[in-house]
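Architecture and fold: a report
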Amino acid sequence: MERKGAQRQRILDLLEHHGGLRPGVAATISEQTGVPEADIYGVATFYTLVNRPDAGVRVCQGLTCKLAGADARIAELAQLGTPHTPVSCLGQCDRAPVALDPELELVSWGQRGAVTPDDPELPMNLGGADDASYAALSRAREMGAEAVLDALKESGLQGRGGAGFPAHIKWNAVRHEEEPTHYVVVNADESEPGTFKDREVLLRRPHLLVEGTAIAAWYAKADVAYIYIRGEFTDARRSIEAAIEAAQPHLDGLDVRIAVGHGAYICGEETALLEALEGKRGMPRHKPPFPTQQGLWGKPTLMNNVETLACVPAIVMRGGAWFSSLGRNEPGSKLYCLSGHVQRPGVYELPLGVTLDELVAAGGGYVGTPKAFSPGGASSGFLPMSSRDVPLDFKSLAAAGSMLGSAGVVVLNDTVDMGLAAKWQQVFFEDESCGQCAPCRIGCSIQRQTVDRWLDSRDPSMLEHVADVHWEMEEGSICGLGMTASAPLRSAMQHFPEDFGT
Ligand SMILES: Cc1cc2nc3c(=O)[nH]c(=O)nc-3n(C[C@H](O)[C@H](O)[C@H](O)COP(=O)(O)O)c2cc1C
Ligand code: SF4
């Protein structure tokens, strides 16, 4: 199966090699691979890093960059005559505003973000030195599969990619699939606006991720593991490549491969990621079957987020009960991303379930008078400051009508018009919908147009169909993007009626 798709799998790399979708490139690649030119064109047009070869400087339009003056940077570039293109959130909110130069190297007009202080009592301890001893991998092999699963179960580790699914259930499911070929896939596509924690793991503790991946592959009986990394994370890619090379003596033949994304937020969704890995347009699949049953090339696949796997070595070394005890209402420590109107944006490893005020205190305090916060990326919408005591964990935020998601916490102060903030987030979803389902494709566009009309007219009657459109999107979408894409506008209208003339 893998061999049959091998030519198709090369398409995206060849497009990158040829400098993107330029005239004649699709025909050349078709000759090289035997894949029809129309298919190549179809794949290429899906991914922004290959379909906009002349984008110039890519200027981030994420919420935090907008708050930090991205529009003024665009005006400056225009004045200088520098070719530039506004793009979706680049995952660098701690150093906003940012852009990527044409070689995809980071240009930051802000300060470098902070990370949690060096504390060896923390499972990920991003402020500490990376440990390349691979002691946890050896320990796991000594303990045996059953004991490792018990530790994972006792740890209560929930997936850190957004859905919070118990890690041990997926691990066990893949191990026990009868089909002999299994894969591990690491989701390092990190593209949810406001989120940049996986980037810091890749940069600062790459061996922690390689070791967690190797333990997962050993447990799941996989000979090959893919790390699918966001194409815009140039530094992080170099870091993880170097770590994989250095780790070879420890990996016992495990083939750890890097796959680089080509610019599409939706490829963070697990089945869209699998499609992208197979060299296709990254459109989510229907579930079931789940990736644990039929994943990459139709084979059982264990997919976890970077942070999820980075927790595993400490769980193996120190036990599940220890890890669990680090949390408040839910188990473990958590990497929170903090940006927006705060003194020291950055990644902070804290007990799962701290409040907003505790997190912001770690980040040096608020800038100005806080008005709203988005607790878990654009998909989580906005909450008012009356929710500042809600524990930032999976269950509590769901009960508050929001979600922890990727823990990309953005703070907005009272200088912000929530209509404008909602519009920026709706633009993101309109740009990033893969277009497969009509309710999502059309609904994302309608919600963005609605908020635009409101901002132009300040006529509240413009907003009267928001809930109906949301219902259509929630009911008729294949994946989580369409189901949650109305959250910014709906939550802003609900919690900040004064900003919507109601
Ligand atoms: C629209 C959308 C985008 C997503 N983006 C990411 C992402 O960037 N990184 C990630 O790890 N998970 C992302 N997810 C969640 C994945 O589908 C999947 O649940 C996760 O990779 C599983 O790993 P975990 O169990 O360790 O959390 C996304 C989900 C949706 C619906
Ligand atoms: S809900 Fe949206 S992003 Fe998800 S599959 Fe449908 S069109 Fe694509």
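In the block above lies the structure referred to throughout.
I will try to describe carefully the structure that is included in this document. (Residues numbered from 1 in each chain as written. Chains lettered and ligands numbered in written order. Predicted model: local features only at pLDDT ≥ 70, side-chain atom pairs only at ≥ 80, totals over all residues.)

Moving on: the overall build of the chain. Of the regular secondary structure elements, the chain holds 22 helices and 14 strands. Taking 502 residues into account, the globule formula puts the C-alpha radius of gyration at 23 Å, and the chain, at 22 Å, falls close to it. Seen through its principal axes, the chain has C-alpha atoms that stretch 65 × 60 × 45 Å. Looking at the chain as a whole, 55% of its 502 residues are labelled buried. Look at the contacts in the chain between residues 6 or more apart in sequence, and 71% of them connect residues 24 or more apart. (Helix = DSSP H or I, 4+ residues; strand = E, 2+ residues; numbered from the N terminus. Rg over C-alpha atoms; globule rule 2.2 N^0.38 Å. Buried ≥ 20, exposed ≤ 12 C-beta atoms within 10 Å, placed from the backbone. Contact = placed C-beta atoms within 7 Å.)

If you check the shell around ligand 1, you find 22 residues, and the closest are G159, G161, G268, N305 and G480. The set of elements that each furnish at least two residues to the shell around ligand 1 consists of β9 (301–305) and α21 (480–484). In terms of residue class, the shell around ligand 1 is built from six nonpolar, ten polar and six charged. Split by domain, the residues of the shell around ligand 1 number at least three in each of domain 3 (115–325) and domain 5 (418–500). (Near = placed C-beta within 6 Å. Nonpolar A, V, L, I, M, F, W, Y, C, P; charged D, E, K, R; others polar. Domains from an automatic or database assignment.)

Here we come to the sheet that holds strand β2 (residues 84–87). Overall, mixed pairing links the four strands, which are arranged β2-β1-β3-β4 in an open sheet. What marks the edges here is a single partner per strand, and that holds for β2 and β4 (106–108). For this sheet the average axis-to-axis angle between neighbouring strands, irrespective of direction, equals 30°. Where strand β1 (residues 57–60) meets strand β3 (residues 98–100), two bridges bridge the pair, whose relative direction is antiparallel. Note on β3: the bridge partner recorded for V59 is A99. Contacts from helix α6 (residues 70–80) reach β1, β2 and β3 within the one sheet, and its direction differs from that of β1 by about 160°. (Pairing = 2+ DSSP bridges. Axes fitted to C-alpha atoms, helices over the stretch in contact; angles between N-to-C directions.)

This part is about the packing of helix α18 (residues 418–432) against helix α19 (residues 438–457). Across the interface, α18 lies against α19 with an axial gap of 9 Å and an inter-helix angle of 155°. The orientation of α18 relative to α19 falls into the category roughly antiparallel. Here α18 runs over α19; the crossing is left-handed. Along the contact surface, α18 presents G419, L420, A422, K423, Q426, V427, F429 and E430, while α19 presents C444, S445, Q447, R448, V451, D452, W454 and L455. By residue class, the composition of the contact of α18 with α19 is eight nonpolar, four polar and four charged. (Parallel < 35°, antiparallel > 145°, perpendicular 65-115°, else oblique. Left-handed = near helix turned anticlockwise from the far one by under 90°.)

The contact between helix α8 (residues 145–155) and helix α9 (residues 167–175) brings their axes to 8 Å, and the two run at 155°. What the angle tells us is that α8 and α9 run roughly antiparallel. Contacts between α8 and α9 involve L149, L152 and K153 from the former and A167, H168, W171 and N172 from the latter.

The subject of this paragraph is the site of ligand 2. Near ligand 2 you find 15 residues, and of these C434, C437, C440, C479 and G482 are the closest. For the shell around ligand 2, the secondary-structure elements that each account for two or more residues are α19 and α21. In terms of residue class, the shell around ligand 2 is built from nine nonpolar, five polar and one charged. Three or more residues apiece are contributed to the shell around ligand 2 by two domains, here domain 3 (115–325) and domain 5 (418–500).

Bringing the nonpolar core into the picture now. In terms of nonpolar packing, the biggest core is built from 151 residues, with V184, V186, L209, A216, Y228, Y336 and L359 touching the most fellow members. Looking at this core, the element that brings in the most residues is helix α11 (residues 206–220), giving nine residues. Residues within four places of Y336 in sequence aside, it is in contact with Y348, L350, L359, L392, A407 and V409. (Core = buried A, V, L, I, M, F, W, Y, C linked by C-beta atoms within 7 Å.)

Turning our eyes to something else, we now look at the environment of L80. Inspection of the secondary structure assignment puts L80 in helix α6. When the 8 C-beta atoms within 10 Å are taken as the criterion, L80 is described as exposed. Along the sequence, L80 and R328 sit 248 residues apart, while their C-alpha atoms lie 51 Å from each other.

Right, let's talk about the sheet that holds strand β5 (residues 114–115) for a bit. Strand order in the open sheet formed by six strands is β5-β11-β10-β14-β12-β13, with mixed pairing between adjacent strands. What marks the edges here is a single partner per strand, and that holds for β5 and β13 (383–384).

On to the pairing of strand β10 (residues 333–340). By the criterion of burial, β10 is predominantly enclosed, with eight of the eight residues buried. The turn joining β10 and strand β11 (residues 346–351), which pair antiparallel and follow one another in sequence, is formed by five residues. Examined bridge by bridge, β10 and strand β14 (residues 408–413) share four bridges and lie parallel to one another. Among the inter-strand pairings, L338 is bridged to a residue of β14, identified as V409.

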